[in-house]
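Topology and contacts: notes
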Amino acid sequence: MTLHTLFVCKSCSAILDHEEADDRAEGNQLLLKLLEAQKNNPIYSTLNIQSVGCLWTCVEKRSCVVTFVCPQKYTYHFVDLTEDSTTDLLQFSQLYQESQDGYVLPPKLPGTLRSHLLARIPPTPEAIAKT
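These notes cover the structure that comes with them.

Cut-offs applied
- Numbers given for residues are sequential positions, taken from 1 along each chain in its written order.
- Per-residue local features are limited, in this predicted model, to residues with pLDDT of at least 70; the limit for side-chain atom pairs, both in listing and counting, is 80 or more; totals at the level of whole chains, interfaces and linings are taken over all residues.
- Heavy atoms throughout the structure, all of them, feed into the side-chain values; hydrogens and water do not.
- Think of it in three bands: with a 1.4 Å probe and only protein chains considered, a residue is buried below 20% of the maximum accessible area for its type, exposed above 50%, and partly exposed in between.
- To qualify as a helix, a DSSP run of H or I must reach at least 4 residues; to qualify as a strand, a run of E must reach at least 2; elements of each kind are numbered from the N terminus.
- Here, any two strands with at least 2 DSSP bridges between them count as paired.
- Here a pair means two rings of Phe, Tyr or Trp (six-membered ring of Trp) with centres within 6.5 Å. Their orientation is stacked below 30 degrees between planes, edge-to-face above 60, and tilted elsewhere.
- Throughout this description, the term salt bridge denotes a Lys or Arg side-chain nitrogen within 4 Å of a carboxyl oxygen of Asp or Glu.

1. Let's talk about the pairing of strand 1 (residues 4-9)
Along any regular strand, the residues point their side chains to alternate faces of the sheet. The element strand 1 is largely enclosed, with a buried count of five among its six residues. Of the strand pairs in this sheet, strand 1 and strand 2 (residues 47-52) are connected by six bridges, and their pairing is parallel. Residue Val8 lies in a different strand from strand 2, and its bridge partner there is Ser51.

2. Some words on the environment of Pro110
Structurally, Pro110 is set in the loop between helix 2 (86-98) and helix 3 (113-116). The buried category is assigned to Pro110, whose relative accessible area is 9%.

3. Observations regarding the environment of Ser45
Here Ser45 is to be found in the loop between helix 1 (26-40) and strand 2. On the basis of relative accessible area, Ser45 is assigned to the exposed category, the value being 53%. As a C-alpha pair, Ser45 and Leu35 span ten residues in sequence and 9.9 Å in three-dimensional space.

4. Description of the packing of aromatic side chains
Scanning the model with the defined rule gives nine aromatic pairs in all. Relative to Phe78, the ring of Phe68 has its centre 6.1 Å away and its plane inclined at 90°; by these criteria the two rings are edge-to-face. Taken together, the residues Phe68 in strand 3 (residues 66-69) and Phe78 in strand 4 (residues 75-78) connect sequence positions ten residues apart. Of the residues examined, Phe68 reaches a relative accessible area of 0% and is grouped as buried. Taken together, the ring pairs connect Phe68, Tyr76, Phe78, Phe92 and Tyr96 into an aromatic cluster.

5. Notes on the pattern of salt bridges
The final tally for this structure, using the stated rule, is two salt bridges. For the salt bridge of Lys33 with Glu83, the shortest nitrogen-to-oxygen distance reads 3.9 Å. Here Glu83 lies in the loop between strand 4 and helix 2 and Lys33 lies in helix 1, a separation of 50 residues in the sequence. Of the residues examined, Glu83 reaches a relative accessible area of 33% and is grouped as partly exposed. A salt bridge links Glu36 to Lys39; the nearest nitrogen and oxygen atoms lie 3.9 Å apart. In this pair, Glu36 and Lys39 are both assigned in helix 1, three residues apart and thus about one turn of the helix distant. Classification of Glu36 by relative accessible area gives partly exposed; the value is 41%. The exposure class assigned to Lys39 is exposed, which follows from its relative accessible area of 65%.

Note that every value here comes from positions in space, so none of it alone points to a role or purpose.
Structure representation (structure tokens):
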């Protein structure tokens with residue numbers, strides 16, 4: 001089984017400096033909401049949700065960011081999210097996992113995720129050559 005991971009920057013905040021980031025940070029609050037929603041709905045149990053200290057997007061004044069990664073698939077980096085993005089992110093996770101190469105057509109992005117997509121990065125060339 002291929003491991004699909006959602007990295008959530010727990011220090012992201014529009015109101016706290018990076019050095020001040022704590023449990024109140026919006027990124028941490030989004031992480032908690034995602035983990036709670038995953039716990040309450042087994043359909044999302046195949047998604048590996050991991051916190052990371054920093055995804056380094058805050059230097060561009062982008063708060064509350066996440067990244068979807070999976071070997072041999074596109075990587076997606078979403079920015080400026082809120083706790084309200086939880087449902088859209090989990091719905092996207094289903095589309096991402098169901099896609100053979102991770103490519104999700106822009107019109108299929110749930111809710112407002114389309115306007116929060118900062119980057120879609122193709123799989124590494126080695127991964128492409130193997131498929």
